[in-house]
Protein chains: 4
Amino acid sequence: VISRIEEPPADLVRAGRDLLESARDRMPVLESIRREAAASRCLEGQRISGCIHLTRATGVLVELLLAAGAQIAWTGGDEVSTENEVAAALADGGVAVFGHRGMTTAEVLEGVELTLGAFPRGPTLVLDNGARMIGRVLDGPSRYPELLAATEKTTEGSRRVRAWARDGRLDFPVLSVNDLVTKWEVDNTYGTGQSTVDGILRATGMLLAGKRFVVCGFGHVGRGVAVRAAGMGARVIVACRSAATAVRARLAGYEALSTLRAAEVADILCTATGYAGVITGRHLDRLPDGAVLCNTGHSVTEIDLTALEARTERSYPVRPHMRRHVLHDGRRLDLLSGGRLVNLDAAEGNPCEVMDVTFANQALAALLLGSGGAKEFPPGVHEVPDGQDEQVARRKLTAMGVRIDTPYAPLTGHDRMEHDHE
Amino acid sequence: VISRIEEPPADLVRAGRDLLESARDRMPVLESIRREAAASRCLEGQRISGCIHLTRATGVLVELLLAAGAQIAWTGGDEVSTENEVAAALADGGVAVFGHRGMTTAEVLEGVELTLGAFPRGPTLVLDNGARMIGRVLDGPSRYPELLAATEKTTEGSRRVRAWARDGRLDFPVLSVNDLVTKWEVDNTYGTGQSTVDGILRATGMLLAGKRFVVCGFGHVGRGVAVRAAGMGARVIVACRSAATAVRARLAGYEALSTLRAAEVADILCTATGYAGVITGRHLDRLPDGAVLCNTGHSVTEIDLTALEARTERSYPVRPHMRRHVLHDGRRLDLLSGGRLVNLDAAEGNPCEVMDVTFANQALAALLLGSGGAKEFPPGVHEVPDGQDEQVARRKLTAMGVRIDTPYAPLTGHDRMEHDHE
Amino acid sequence: VISRIEEPPADLVRAGRDLLESARDRMPVLESIRREAAASRCLEGQRISGCIHLTRATGVLVELLLAAGAQIAWTGGDEVSTENEVAAALADGGVAVFGHRGMTTAEVLEGVELTLGAFPRGPTLVLDNGARMIGRVLDGPSRYPELLAATEKTTEGSRRVRAWARDGRLDFPVLSVNDLVTKWEVDNTYGTGQSTVDGILRATGMLLAGKRFVVCGFGHVGRGVAVRAAGMGARVIVACRSAATAVRARLAGYEALSTLRAAEVADILCTATGYAGVITGRHLDRLPDGAVLCNTGHSVTEIDLTALEARTERSYPVRPHMRRHVLHDGRRLDLLSGGRLVNLDAAEGNPCEVMDVTFANQALAALLLGSGGAKEFPPGVHEVPDGQDEQVARRKLTAMGVRIDTPYAPLTGHDRMEHDHE
Amino acid sequence: VISRIEEPPADLVRAGRDLLESARDRMPVLESIRREAAASRCLEGQRISGCIHLTRATGVLVELLLAAGAQIAWTGGDEVSTENEVAAALADGGVAVFGHRGMTTAEVLEGVELTLGAFPRGPTLVLDNGARMIGRVLDGPSRYPELLAATEKTTEGSRRVRAWARDGRLDFPVLSVNDLVTKWEVDNTYGTGQSTVDGILRATGMLLAGKRFVVCGFGHVGRGVAVRAAGMGARVIVACRSAATAVRARLAGYEALSTLRAAEVADILCTATGYAGVITGRHLDRLPDGAVLCNTGHSVTEIDLTALEARTERSYPVRPHMRRHVLHDGRRLDLLSGGRLVNLDAAEGNPCEVMDVTFANQALAALLLGSGGAKEFPPGVHEVPDGQDEQVARRKLTAMGVRIDTPYAPLTGHDRMEHDHE
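Residues numbered from 1 in each chain as written. Chains lettered and ligands numbered in written order. Predicted model: local features only at pLDDT ≥ 70, side-chain atom pairs only at ≥ 80, totals over all residues. Heavy atoms only, no water.

For the rest of this paragraph, the subject is the overall build of chain A. Helix and strand content of chain A: 16 helices and 15 strands. The dimensions of chain A, computed from C-alpha atoms along their principal axes, are 60 × 60 × 45 Å. Taken over 422 residues, chain A has a buried fraction of 66%. The contacts of chain A with a sequence gap of at least 6 include a subset with a gap of at least 24, amounting to 70%. Surface exposure of chain A reaches about 13,800 Å², of which carbon and sulfur atoms provide 51%. If you average the places of the 48 positive and of the 54 negative side-chain charges in chain A, the two averages end up 3 Å apart. (Helix = DSSP H or I, 4+ residues; strand = E, 2+ residues; numbered from the N terminus. Buried < 20%, exposed > 50% of the residue type's maximum accessible area, 1.4 Å probe, protein only. Contact = heavy atoms within 4.5 Å. Areas by Shrake-Rupley, 256 points an atom, 1.4 Å probe, with all protein chains shown as cover. Lys, Arg positive; Asp, Glu negative; His and termini not counted. Charge placed at Lys NZ, Arg CZ, Asp CG, Glu CD.)

Structure, rendered in structure tokens:
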């Protein structure tokens, strides 16, 4: 069972502070917003319940909200991502923190519940990831009468919230900080692309050059994984269901195959689709001896673990994050991170430089909602204001020392650089 | 002055037929649609006025429409792209063709006028590029009482048509065949990317490896040019006005600079923004001696040619498509294709494999509108029907011999492969 | 039959001068050597017979030798590379030039003979490519009593000269300007890599992105073609005979297959091995319908044209440099440049920036030999002096505006940057 | 002080065996040689003293030699690479093992001494890395009267041994297993390239995309690091002293700068030259705040740590393998792995797939020397026999399931695929 972290060990707190400092160095946009928010104290009086992977990067976001004057309760919302040192440092700093690395799924849900319940009169703002916490709120709305608004940072989460809005269940506004250029390209493509390959390297130590690397799915995440795997010299094969996507994959220089045929030749197979059940028994039956299996898509469901267990004679850990399954037919399959997100489990999740941009949008949305902005939005799902993403990108460029042209006035917030051409 | 091409020379017709055959080989999707349309004759009775670059690829589209039973009048709608051989072959096949390679801007407009006027009772369908012909229609709508609908294939053109719709001037439906995955990635990125680099190679013969290659603009076209220039070993620098775009350019591995600073170090500078006046006198004053200047963006307006002339002591052709400007200060700048689209002027425009996909969407839209579908759409701008782009991509994969998984039912026509992820 | 070019047409001369000027702009190293040689006149009294592809780049080398005070006779030594305009301009400048574009093989040999015989007492220096001219000299050495030395610029040529030296037939020194870092990487890899892809683009106009591109051979040329084809988005497959090379190809991210299996899936197949008979009837029988065939390796012999003719029902030109062979079994194969070097025939050979480096080594070798250095070398094959290649590279960097560290003294001429490491 | 590992803890032995198994899976060439050697027992009676980084990959080589019947003593020969688990497992298997992870430099030397002295009558074969052990042998040759021969696996080591041979000090043959195609490209370029980037990712967790990544040196290692860093999206800058190398770097698409100017813009700076004192106080004075410093070249000497300490106000560990130096002027520099080889310290050294090829050559050389071959070689440095590298590559391809053409007979062991070309 989960309870609020009280009096964390001093050495854990210290280690957490070091991690937070090292993250802050790489998150200059959050730092610039934090400085402004610490001066304005614009979240004074707000109570925030947050449910986003409790990594060091998230810790920097939490510190910003704290500096802006809010009271805060937080939980990671998943099994593997919580960094205990960061949790300790935040708890020491006055945040009500729930959860630890390696929770059971039941404990994860319990953490969400406790984080919502941390304030006697409930939160005024909810910051969510995957709509887990918003879902809990909607299951019992009467308990949170003072809730002003929420933010949601994932595609899948926004989709779910929109469905609830269509069903008339949503009685507060939700800002989606997901449909942003920077989010798609920076976070999903470049962030997850690198951290997934990093996770595979740490878990396996294998040479990627010359390996056949199958990516299932070719959305932003799939593309990011493909470009980085190719960057390490792998021969990338894309398996996807959309013909338009397959054409794009081919033109980008990759092979495009059905999942079944791709599985037959995979040295490494990585799922990145956002769907459950992408790799089933049929595919497991085709994978060659020695293949490495992992997932960087949605939660733990993309690889059918039940089907894998059913085919397994015996299994044992070969290295940290890597378990060898010797199948009844003698083939060996190496499953990474138990099918969970390999970039969070075996590596460190997305690099701080990337989360800097995503969380800056999250922070600006929270600051807007908490400093009087929430009442401007009717119940329903809304995009972040026009120009916010561009503002975040400007801050990022400044931090990188990059100077570009000033925008044409009036800048519409929409990248109008596409143009007609044969 | 322009007049309908009558009795074209037999050798020109023969050369045009060869060009059309070589194009047809690389356009299997259009070919598959043509076979079906030739059987159904679903455009019988339609009169089509078309205004799209008159290349061999467009010729294959025109042949398809002809095979479907339509009467056709056509003009290229720009100064440089018309292939006289193709014009001759189409004229010989019964199409009313207007214009030739190397028209003046006045002649281009005259060609549009004549193509609209080629049928006594006016066209029933208009196929447009950049809204040039639709604009002419709206200037005098009473002359085309039987016009059912139009299609428009560019971003800029769709934008203009939407503005007219907002102003209440548009009294017929326009299908925009532009906001399609395949169009953006296939045509703009991969097609224009290759043909622009191809044009530069043909015009200059220079080694790209190790050169500083500045791309102004980083939309789909700019990105395509960047990836191909880097693929030839150039050191790519992106100049753009949107901070979010600049962040993307940096993460993609390119340098991002202001146009002014980029100009200072450019060995080659290529505009791809879709805006006029991107390179002005200020930039020309900074370019190093020997720099190559070209444009693959919008028409001829991206480089300020007046400013260039004002700085030019003397100029002379060095090679086909390349004119050397010796400036008053002694620097030499080599302008390609007179600042017109270098991929159309110095190379062959986008490869047929690419236009196959774009024109397949164009053809399906025309077949839909002309076989009773036009009355389903109210006046205004509409997207092509859900799933059409995916259908085109499926046909393309079949032609390429690529087999992928069947889609999840129901496929929404939207690539749902993005997903939530830290 | 061939004869010395006399009184070439003025417009051809003028066009040749323009080509030479445009080449000179891109050959700053040769230009810097030319200035020094024009001051020292160090080749005064020398008679040079040259046999190197007569392109504009070679023309700039010839001008340098002329400026240094030598008398010169020249021939291109192959069927396709002679640029008639350049030949005219050089002839007008006092060089004895033999040959033209499109010679028969017999005429090529005749040109070599005449160039050797252009001086009553024979040449004092021979500049060779492929050992064609040196071979002729050795067949009748008594005719060239005043010959001091020769240079040879190709691997294959050096190999042949070394064989003659082992047989005791070589009675003068030959400087091999081939085993140079800059030659391998700059000329063969980057030069031929780009010009081969350029030739294929010009000859076919096809989209390379997504195509299966087979390269036969993975020496410096093969690697250059592979990296550039991949840079244009092609899916590259390497066919080679050395296992060590195949391992390298796989680690570089390419597929490695036997030639037979590669042929089965080729959209484009390009030979780059330096061997004859690489593509035989067995391979032609496997190529898919519509495949494009070309050669950038050794002369015209890599593809067995006799075997192709034997399988051809009819053939006709589709575009310049591209001939369609309709085989007895109905398949169509498109042969580029008649199997000759596609980069020289359909494009412009290696870019001038690249030949600048190769020819600078050639020029320095000739200046050394012709200004008293020849007597320092005994008969046999010799490398160019230590440090010459580094000197050429320094000049190149200066011209590019690149400044690097000064070398450690004493620099050995050997790149000692390799080091021990696990 | 160091002593032979006796009775290692059972759990360490077990962990070592697991590591060896996981390595063996990725080293199929060694495995195929081991099977043959275990049958022939061709090293029966030989006593081998080895001095090569004691990683799991080396462990697989040791097991092979053991299976062939030899008695073995081993030490890692450096400070950081010994995997204690592997050392334990080998010790448990009967090998005389000396040393552990984290030795002092004095202990490293002591380990070499003890390994040579492990056999009363001295070794019959020495397997060396960097000529450390051979150097000790030459300091006191009378002690090893039965020594037949040695092998040396690095460039630098071979260079040192050749110098001793020139001085007349070498009285036994040494096989250099270094000048091999597979060694250069496979081990140094692809192996070290990946493991260096892997080490940087593990030590820093930073996003590489968009970072300025300076590589000092552009030999095989430097090139491997450059290509992999670029593959992760970094903007690579090469600093080197050879102009020919700088030209190659530019043509490969990288920036080339002097070390001083490169240092000024470095986000990450990685030395890979093989020289000492590459980064001195002058460079440290220019590095920007927040720069990351690391070394993957020669030992620990490439970065002048004394100069760094002299400028350091205070330093503290931020993460494992990363120490932050706050300089007197306030700038912060993050040094990875204390300036030691970052790929061995922060990651796992070169991947087993790569060491499979290098060690296969090592193994074949040892088997040859130990089964009667040593007496075929006079004292001095020799290359491994013609064709051995090709044989290793063939075995590797077989293990990868790659089939290529059979070689032209007679294969010379030299890749003759280079060819003449303009």
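Another aspect to go through is the relation of the copies chain A and chain B. Aligned on chain B, chain A shows an RMSD of 0.1 Å; the corresponding rotation is 180° and the shift along the axis is 0.0 Å. On this basis, the relationship between the two copies can be described by a two-fold rotation axis. No C-alpha of chain A lies nearer the rotation axis than that of Val227(A), which sits 6.2 Å from it. Most of the interface of chain A is mirrored in chain B, where 100% of its interface residues are also at the interface. (Least-squares fit on C-alpha atoms with pLDDT ≥ 70 in both.)

Let us look at the confidence of the model for chain A. Residue and element names in this part refer to chain A. Per-residue pLDDT for chain A averages 91, and the proportion of residues at 70 or more is 96%. Scored below 50 in pLDDT, residues 409–422 shows 58 contacts in the model against residues more than four places distant or in partner chains. Model confidence for the complex is summarised by a pTM of 0.90, with the ipTM given as 0.88. (pLDDT = per-residue confidence, 0-100.)

So, on to the nonpolar core. Leu65(A), Trp74(A), Phe213(B), Phe213(C), Leu65(D) and Trp74(D) are the most contacted members of the largest nonpolar core, which has 194 residues in total. When sequence neighbours within four positions are dropped, the list of residues in contact with Phe213(B) reads Ile200(B), Val225(B), Ala229(B), Ala234(B), Arg235(B), Val236(B), Ile237(B), Ile268(B) and Cys270(B). Grouped together as the second largest cluster of nonpolar side chains are 193 residues, Val236(A), Val402(B), Val186(C) and Ala366(C) included. (Core = buried A, V, L, I, M, F, W, Y, C linked by side-chain atoms within 4.5 Å.)

Related by rotation about an axis and a shift along that axis, the two copies of the chain form a pair. Mapping chain B onto chain C calls for a screw motion: a turn of 180° about the axis and a shift of 0.0 Å along it, with 0.1 Å RMSD after fitting. A high fraction, 94%, of the interface residues of chain B reappear at the interface in chain C, so the copies pair face to face through one surface.

This paragraph deals with the sheet that holds strand S5 (residues 149–152) of chain A. Residues and elements named next belong to chain A. The 7 strands are arranged S3-S2-S1-S4-S5-S6-S15 in an open sheet whose pairing can be described as parallel. One side of each edge strand has no neighbouring strand; the edge strands of this open sheet are strand S3 (96–98) and strand S15 (380–383). In this sheet, adjacent strand axes meet at a mean angle of 20° when their direction is disregarded. As paired elements, strand S4 (residues 125–128) and S5 share 4 bridges and run parallel to each other. Residue pairing in the sheet places aspartate 128 in a bridge with glutamate 152 of S5. Against the sheet, helix H3 (residues 56–67) engages strand S1 (47–51), strand S2 (71–75) and S4, with an angle of about 160° to S2. Sheet contacts for helix H6 (residues 132–139): S1, S4, S5 and strand S6 (173–176); angle to S4, the most-contacted strand, approximately 135°. (Pairing = 2+ DSSP bridges. Axes fitted to C-alpha atoms, helices over the stretch in contact; angles between N-to-C directions.)

If you look at the interface, chain A gives 76 residues, while chain B gives 76 residues. In total, about 6,800 Å² of surface goes out of reach between chain A and chain B, with carbon and sulfur atoms giving 57% of it. Where chain A packs against chain B, one counts 0 salt bridges. Inspection of the chain A/chain B interface yields 10 residue pairs in polar contact (both at pLDDT 80 or more). Mapped by element, the contributors of at least two residues to the side of chain A that touches chain B are helix H7 (155–166), helix H8 (181–204), helix H9 (220–231), helix H10 (243–251), strand S9 (255–257), helix H11 (259–265), helix H14 (342–345) and helix H16 (388–400) of chain A. When residues in the side of chain A that touches chain B are grouped by element, the largest group, 10 residues, is from H8(A). Across the side of chain A that touches chain B, the residue classes break down as 30 nonpolar, 25 polar and 21 charged. (Buried area = accessible area lost by both parts, 1.4 Å probe. Salt bridge = Lys/Arg side-chain N within 4 Å of Asp/Glu carboxyl O. Polar contact = N/O pair within 3.5 Å; in protein donor to acceptor, adjacent residues only side chain to side chain. Nonpolar A, V, L, I, M, F, W, Y, C, P; charged D, E, K, R; others polar.)

On to the environment of Ala360(A), then. Residues and elements named next belong to chain A. With respect to the helices and strands, alanine 360 occurs in helix H15 (residues 352–370). For the pair alanine 360 and alanine 393, spaced 33 residues apart in sequence, the C-alpha to C-alpha distance is 9.5 Å. Once residues within four sequence positions are removed from consideration, alanine 360 is found in contact with Val29, Leu30, Ile33, Met355 and Val392.

Glancing now at the packing of helix H1 (residues 10–25) of chain B against helix H4 (residues 84–92) of chain B. Residues and elements named next belong to chain B. Contact geometry of H1 with H4 gives a least axis separation of 7 Å together with a crossing angle of 100°. What the angle tells us is that H1 and H4 run roughly perpendicular. Note on element contacts: H4 touches H1 through Asn84, Glu85, Val86, Ala88, Ala89, Leu90 and Asp92, opposite Leu12, Val13, Ala15, Gly16, Arg17, Leu19 and Leu20. Among the residues forming the contact of H1 with H4, the class breakdown is 9 nonpolar, 2 polar and 3 charged. (Parallel < 35°, antiparallel > 145°, perpendicular 65-115°, else oblique.)

This brings us to the interface of chain B and chain C. How big an interface is tends to be reported as the loss of accessible area on association of its parts. The interface is formed by 36 residues belonging to chain B together with 36 residues belonging to chain C. Here chain B and chain C share an interface that buries about 3,000 Å² over both sides, 47% of which is from carbon and sulfur atoms. The interface formed by chain B and chain C contains 10 salt bridges. Among the ionic pairs, Asp25(C) bridges to Arg324(B), the shortest N-O distance being 2.4 Å. Applying the counting criterion to the chain B and chain C interface returns 24 residue pairs in polar contact (both at pLDDT 80 or more). Among the elements of the structure, H1, helix H8 (181–204), helix H9 (220–231), strand S12 (312–319), strand S13 (322–327), strand S14 (332–336) and helix H15 (352–370) of chain B are those that each provide at least two residues to the side of chain B that touches chain C.

Here the focus is the sheet that holds S9(A). Read from one edge to the other, the open sheet built from 8 strands follows the order S9-S8-S7-S10-S11-S14-S13-S12 (chain A), with strand pairing classed as mixed. Of all the strands in the sheet, just S9 and strand S12 (312–319) of chain A have a single pairing partner and so form its edges. Strand after strand, the sheet turns through a mean of 25° between neighbouring axes, direction not considered. Those strands touched by H9(A) are strand S7 (212–216), strand S8 (235–239) and strand S10 (268–271) of chain A, and its axis lies near 170° from that of S7(A). Most of the contacts of helix H1 (residues 10–25) of chain D go to S12(A), to which it runs at about 105°, and overall it touches S12, strand S13 (322–327) and strand S14 (332–336) of chain A.

With respect to the helices, strands and loops of the structure, Thr151(B) is situated in strand S5 (residues 149–152). With sequence-adjacent residues up to four places away left out, Thr151(B) is seen in contact with Val126(B), Leu127(B), Asp128(B), Ile134(B), Val174(B), Leu175(B), Gln362(B), Ala365(B) and Leu369(B).

With that settled, the discussion passes to helix H15 (residues 352–370) of chain D. All names here are of chain D. Considering bend angle alone, the principal kink of H15 is centred on threonine 358 and spans about 25°. The element H15 is largely enclosed, with a buried count of 18 among its 19 residues. At the C-terminal side of H15, glycine 372 shows a positive phi close to 100°. (Bend = angle between axes of the 7 residues up to and from the residue.)

Because the α-helix completes a turn every 3.6 residues, residues three or four places apart line up on one side. All names here are of chain D. Burial in helix H4 (residues 84–92) covers these residues: Val86, Ala87, Ala88, Ala89, Leu90 and Ala91. Looking at the packing, one finds that the buried side of H4 touches H1, helix H3 (56–67) and strand S3 (96–98). Downstream of H4 by a residue or two, glycine 94 has a phi angle that is positive, lying close to 105°.

Note that side chains of opposite charge can pair when their charged atoms are close. Summed over the entire model, instances satisfying the criterion amount to 127 salt bridges over all chains. In this structure, the salt-bridge partner of Asp345(A) is Arg340(A), at a minimum N-O distance of 4.0 Å. Where Glu44(D) meets Arg41(D), a salt bridge forms, and the shortest distance between an N and an O atom there is 3.1 Å. Connected through shared salt-bridge partners, Glu21(A), Asp25(A), Asp289(D), Arg324(D), Arg332(D) and Asp334(D) make up one network.

All names here are of chain A. Here strand S11 (residues 292–295) shows two buried faces, one formed by Val292 and Cys294 and the other by Leu293 and Asn295. In this structure, S11 lies alongside S14, joined through 2 bridges in parallel fashion. Bridge pairing in S14 places valine 292 opposite aspartate 334.

Time to look at unusual backbone geometry. Across residues other than glycine, the phi torsion is negative in most instances, and most of the peptide bonds are trans. At Glu7(B), a position not held by glycine, the phi torsion is positive, near 40°. Looking at the element boundaries, Glu7(B) is found in the segment before H1. At His321(D), a residue that is not glycine, the phi angle is positive and equals roughly 70°. By the secondary structure assignment, His321(D) is in the loop between strand S12 (312–319) and strand S13 (322–327).

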